[in-house]
Every structure is written in C-alpha cells, then in structure tokens.
Amino acid sequence: MATSPWTAAPAQSASPRRRGAALERAILDAALEQLSTVGWNGLTMEGVAAGAQTGKAAIYRRWPSKEDLVVDALQAGLPLIEEVPDLGSVREDLLALCRQAREGMFSRPGFALRAVIHECDPMQAERFHEVIFEGVVEPTLRLLREVITRGIGRGEVRSDAANSYVFDAIPAIMMYRSKMRACEWSDRDLEEMIDGLMLPLLRPSGT
C-alpha cells in the first residue's frame, strides 16, 4: 500500500520495563559505575537512576540512603578470589595469587571499593567495614595462609612464618603503593615484591 504524509508511522514497541531482580541488578551496576568513575563524593542517587534508566523513587524504595545502596553494590560486585592454583612452589603460588588480587583491584568493583576507602570519612567508613573485611580482606588472608602453610609442608617456608604479620604484608604493600605511589602492579613489580621481600622473609634459616 502506498504511503502518504498522512499515513501514521507504525508505533515502536517500547522495551519491556525492568522489574524485580533485573531492575535491582541494573541499579547496583549503575552504582558501581558511578563509584568507579566519579568516586564516592561524586555519586548521587540522580546519577545512579540515570545510569539504571529508572527513577529515584525506585531506588529509594529499596535503599533509603546512599550508604545502604553502596554496601549492597559492593557486596554484589566484588570479584571473588576463591582459590589459588597449586603450582608447585611458594613463589609461583604467591605470584598467581597476587595477579588475581591485581585483577580485582583494577576491575570496576575494585575502583569502586577504593573510592569508598579513600574518600569516606571515618563515620561513613564504619558502614563499609564488614563488607570490606568479609568480601576482600578475609578471603585474601585465607588464601595467603593456605599458600604459606603449603610451603611449610614442602620445606620451602620457615615453620613460624604462618602468622598475621606475614599474612598482612602483601595486601598492605599492594594497597599502600597503589594509593601513595600510583603503582599499577605490573608483572615485574609483583616479581620484585615476591623475590625481594616475601621469599627472604619466608625462607628457612640456613637456606
């Protein structure tokens, strides 16, 4: 059939409206995107709503405050480091674990987490202590404990090295140098840390 200026254009079907879990996932993703790009101080409910293509009311019905939203966004988005390969030596195991940690630090959730750590005041930061400890710190320490205990069993690591100060060394150094020296942790950086600090620290005396 011929068309004319008076022929109505066919209506475009509207995209289905997201609800429930799909909408919540979009909101949490938008919150992570805001945190990773504009930081904690720049994050607004308006910006999250725009990113999720929804209204502010949909956010406030689920999360009454910015802090509540960010806690759930971090819990949902933080990458999980659940296991480290057994590559046959403590050096290779530590390098593999550090590479996994680096990927997490420089992922979108990792940038979001650092924005929270670096920009929140102490009162606000208290809200995020649990998610940071349970989602990042404790899993990393558990895997470091596993690697070092495995090394003790192979005779590569001194028997008294399985202590909290040793376990804290790698996460503390990686966070400090990332924040204070803008280190991006190339493979060479990781190797220098493991070879120059961790292996001498772990090595049994007399070897």
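Only a predicted model underlies this, so the values are computations on that prediction, with no experimental measurement involved.

Trainee: So what exactly am I meant to see when it comes to the packing of aromatic side chains here?
Mentor: Within a pair of aromatic rings, the relevant descriptors are the distance that separates the centres and the angle that separates the planes. A complete count under the given rule lists 2 aromatic pairs for this structure. Aromatic pair Trp40 and Phe128: ring centres 5.5 Å apart, planes at 80°, arrangement edge-to-face. Here Phe128 lies in helix 7 (residues 122–154) and Trp40 lies in helix 1 (residues 20–42), a separation of 88 residues in the sequence. Between Phe106 and Phe111, the ring centres sit 5.9 Å apart and the planes meet at 75°, which makes this aromatic pair edge-to-face. Since its relative accessible area comes to 26%, Phe106 is described here as partly exposed.

Trainee: What am I meant to see in the pattern of salt bridges here?
Mentor: Two side chains bearing opposite charge may form a pair once their charged atoms approach each other closely. One pass over the full model with this rule turns up 18 salt bridges. When the shortest N-O distance is used, the salt bridge between Arg150 and Asp86 registers 3.7 Å. Taken as a pair, Arg150 in helix 7 and Asp86 in the loop between helix 4 (66–77) and helix 5 (90–105) lie far apart in primary sequence, 64 residues in all. Judged by relative accessible area, Arg150 falls into the buried class, the value being 18%.

Trainee: Help me understand the packing of helix 4 against helix 7, please; the structure alone is not making it clear to me.
Mentor: The geometry of a pair of packed helices is captured by two quantities: the angle between their axes and the separation between those axes. Helix 7 packs onto helix 4 with a crossing angle of 25° between their chain directions and a minimal axis gap of 10 Å. With respect to helix 7, the axis of helix 4 lies roughly parallel. The way helix 4 lies across helix 7 gives a crossing that is right-handed. Counted together, Glu67, Asp68, Val70, Val71, Leu74 and Gln75 of helix 4 and Gln124, Arg127, Phe128 and Val131 of helix 7 form the full contact between these two elements. Classifying every residue of the contact of helix 4 with helix 7 by side-chain character gives 5 nonpolar, 2 polar and 3 charged.

Trainee: Can you walk me through the side chain of Glu67 in this structure?
Mentor: Relative to the helices and strands, Glu67 resides in helix 4. Among buried charged residues, Glu67 stands out as having no salt bridge; its nearest opposite-charge side chain is Arg127, 4.9 Å away. Here Glu67 is in contact with Trp40, Gln124, Arg127 and Phe128, once residues within four sequence places are set aside.

Conventions adopted
- Residues numbered from 1 in each chain as written.
- Predicted model: local features only at pLDDT ≥ 70, side-chain atom pairs only at ≥ 80, totals over all residues.
- Heavy atoms only, no water.
- Phe/Tyr/Trp six-rings, centres within 6.5 Å; stacked < 30°, edge-to-face > 60°.
- Helix = DSSP H or I, 4+ residues; strand = E, 2+ residues; numbered from the N terminus.
- Buried < 20%, exposed > 50% of the residue type's maximum accessible area, 1.4 Å probe, protein only.
- Salt bridge = Lys/Arg side-chain N within 4 Å of Asp/Glu carboxyl O.
- Axes fitted to C-alpha atoms, helices over the stretch in contact; angles between N-to-C directions.
- Parallel < 35°, antiparallel > 145°, perpendicular 65-115°, else oblique.
- Left-handed = near helix turned anticlockwise from the far one by under 90°.
- Contact = heavy atoms within 4.5 Å.
- Nonpolar A, V, L, I, M, F, W, Y, C, P; charged D, E, K, R; others polar.
- Lys, Arg positive; Asp, Glu negative; His and termini not counted.

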